[in-house]
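# Summary of the model geometry
Letter by letter, the chains look like this.
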Amino acid sequence: MTRIQLSALGYWLDPKATGFDQTLRHALIAFQKVEGRKRTGVLTSEEVQAIRLATIPKPRESGSPHVEIDLKRQVLMMVDVGGQPMRVLPISSGSGKWYEDEGRREQAITPTGRFKIIRKIKGWRKSTLGMLYFPCYFYNGTAVHGAPSVPVYPASHGCARIPMSAAEEFYKLADIGLDVVVYD
């Protein structure tokens with residue numbers, strides 16, 4: 001029942017999966033982030049009750065299909081033309097830490113503002129900072145991409161990491177030119 005309720009609220013789940021799989025854990029974490037609850041990924045009776053009482057998350061903008069990345073809550077929403085979230089995913093964005101890349105010192109920051117999907121790569125891409133799964137670039141080398149590790153806090157070099165299980169579907173839905181709104 002919890003799978004159905006989270007899916008009805010817009011949280012991304014694998015429709016073929018059953019039981020407490022990784023997609024349910026990620027959907028629960030996204031729910032906990034949106035609702036301002038402790039980010040545990042653990043399904044307790046309190047979480048079940050909160051899910052029953054929850055309403056569909058409200059995106060910041062409406063009017064046209066777009067992606068919203070909320071850096072404060074660490075979630076991504078794919079929003080349809082009617083302003084409803086089609087998919088809500090947990091993310092892990094830029095950590096803010098300093099790092100070295102090809103001899104340059106950079107800060108791990110996810111840029112804020114209004115962007116568009118400018119390039120997509122099917123499957124895996126090897127970058128100087130690691131492997132990206134189905135990356136959809138929206139600003140220079142910054143992308144939404146699947147990653148094996150999507151902690152509940154900012155931990156990336158600046159990209160928005162999403163669960164591996166959602167990356168291919170996100171890639172298919174995120175057309176070139178799709179607006180991406182990133183805010184804190």
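Residues numbered from 1 in each chain as written. Predicted model: local features only at pLDDT ≥ 70, side-chain atom pairs only at ≥ 80, totals over all residues. Heavy atoms only, no water.

## Some thoughts on the packing of aromatic side chains
Enumeration over the complete set of coordinates arrives at 6 aromatic pairs. Centre to centre, the rings of Phe134 and Tyr171 are 5.1 Å apart; their planes meet at 65 degrees, and the pair counts as edge-to-face. In this pair, Phe134 sits in strand 9 (residues 130-139) while Tyr171 sits in helix 4 (residues 164-173), placing the two residues 37 residues apart along the sequence. The exposure class of Phe134 is buried, given its relative accessible area of 5%. Judged by relative accessible area, which is 17%, Tyr171 ranks as buried. An aromatic cluster of three or more residues is present, and its members are Trp124, Tyr133, Phe134 and Tyr171. Over the face of the ring belonging to Tyr183 we find Arg60, whose NZ or CZ atom lies 3.7 Å from the ring centre. (Phe/Tyr/Trp six-rings, centres within 6.5 Å; stacked < 30°, edge-to-face > 60°. Helix = DSSP H or I, 4+ residues; strand = E, 2+ residues; numbered from the N terminus. Buried < 20%, exposed > 50% of the residue type's maximum accessible area, 1.4 Å probe, protein only. Lys NZ or Arg CZ within 6 Å of the ring centre and 35° of its normal.)

## Focus on empty space enclosed by the protein
Under the criterion given, the structure shown has 1 cavity of 30 Å³ or more. Space inside the largest cavity adds up to approximately 30 Å³. Taken together, Trp12, Met78, Arg87, Leu89, Ala166, Glu169, Phe170 and Leu173 make up the full set of residues lining the largest cavity. Of all elements in the fold, only strand 3 (85-90) and helix 4 reach the threshold of two or more residues within the lining of the largest cavity. Take the lining of the largest cavity: its biggest share by element is 4 residues, from helix 4. Residue composition of the lining of the largest cavity, grouped by class: 6 nonpolar, no polar and 2 charged. (1 Å grid on protein atoms, 1.4 Å probe; cavity = no way out; pocket = protein on both sides within 12 Å on 5 of 7 lines; lining within 4 Å. Points joined across faces, edges and corners; volume = space filled by probe spheres on them. Nonpolar A, V, L, I, M, F, W, Y, C, P; charged D, E, K, R; others polar.)

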